[in-house]
Amino acid sequence: MEDQGQQEQASPEVHKRIQDSFDRQGLMSHLGARIAHIAPGRVHIVLPARRELTQQHGYFHAGATSAIADSAGGYAAYTLFPEDSEVLTVEYKINLLAPALGDHIEAVGTVLKSGRTLTVCQLEVHAVQDGRRKLVANGQQTLIRVNRPER
């Protein structure tokens, strides 16, 4: 199933809307994160290893792990929202399953249920070292769709 999800792509319009929104996020830019894949209801965000992202033992800090998981889920939900809307996180819970150590970490947000107002997403974060993936965090998130403010 993962391979099929990797091959499916969002429409060019949705891809542009997601990427443009992502590019406005100061935190993702500061961390050095990038979107690796956008499909309907699914987004992957990659964060390369850097010393500035580690905690005292040299693992990726839980804050960095959680931040890309939150954004991956938010953008996964946003792929299914109408163009005149925005997304905000209402809540999320994340379990840190193993130390995050690798060349990079990759967060995958997947929509479980998209509603008119609330959307629920599954969050996974894998550490990747020499092409080997290890699940290091998982969680669940609730997001709210809001109307885009007049600018």
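Scroll up to find the structure.
Please read all numbers here as calculations on a predicted model, not as lab measurements. (Residues numbered from 1 in each chain as written. Predicted model: local features only at pLDDT ≥ 70, side-chain atom pairs only at ≥ 80, totals over all residues. Heavy atoms only, no water.)

Draft legend 1. Spotlight on the sheet that holds strand E5 (residues 118-129). Ordered in space as E1-E2-E4-E5-E6-E3, the six strands form an open sheet in which the pairing is antiparallel. Both outer strands of the open sheet, strand E1 (34-39) and strand E3 (85-96), are each paired with one neighbouring strand and no more. For this sheet the average axis-to-axis angle between neighbouring strands, irrespective of direction, equals 25°. The sheet contacts of helix H2 (residues 12-23) involve E1 and strand E2 (42-48), and relative to E1 the element is tilted by about 155°. (Pairing = 2+ DSSP bridges. Helix = DSSP H or I, 4+ residues; strand = E, 2+ residues; numbered from the N terminus. Axes fitted to C-alpha atoms, helices over the stretch in contact; angles between N-to-C directions. Contact = heavy atoms within 4.5 Å.)

Draft legend 2. Quick peek at the packing of aromatic side chains. Throughout the structure, instances matching the rule amount to three aromatic pairs. Note on Tyr-75 and Tyr-78: the rings are 6.3 Å apart at their centroids and 55° apart in plane angle, and the pair reads as tilted. In this pair, Tyr-75 and Tyr-78 are both assigned in helix H4 (residues 62-78), three residues apart and thus about one turn of the helix distant. Like Tyr-78, Tyr-75 is buried. When the centroid spacing of 6.4 Å and the interplanar angle of 85° are considered together, the rings of Tyr-78 and Phe-81 count as edge-to-face. For Phe-81, a relative accessible area of 5% gives the class buried. Here the aromatic residues Phe-22, Tyr-75, Tyr-78 and Phe-81 are joined through ring pairs into a cluster of three or more. In this arrangement the basic side chain of Arg-17 is found over the ring face of Tyr-78, its NZ or CZ atom lying 4.6 Å from the centre. (Phe/Tyr/Trp six-rings, centres within 6.5 Å; stacked < 30°, edge-to-face > 60°. Buried < 20%, exposed > 50% of the residue type's maximum accessible area, 1.4 Å probe, protein only. Lys NZ or Arg CZ within 6 Å of the ring centre and 35° of its normal.)

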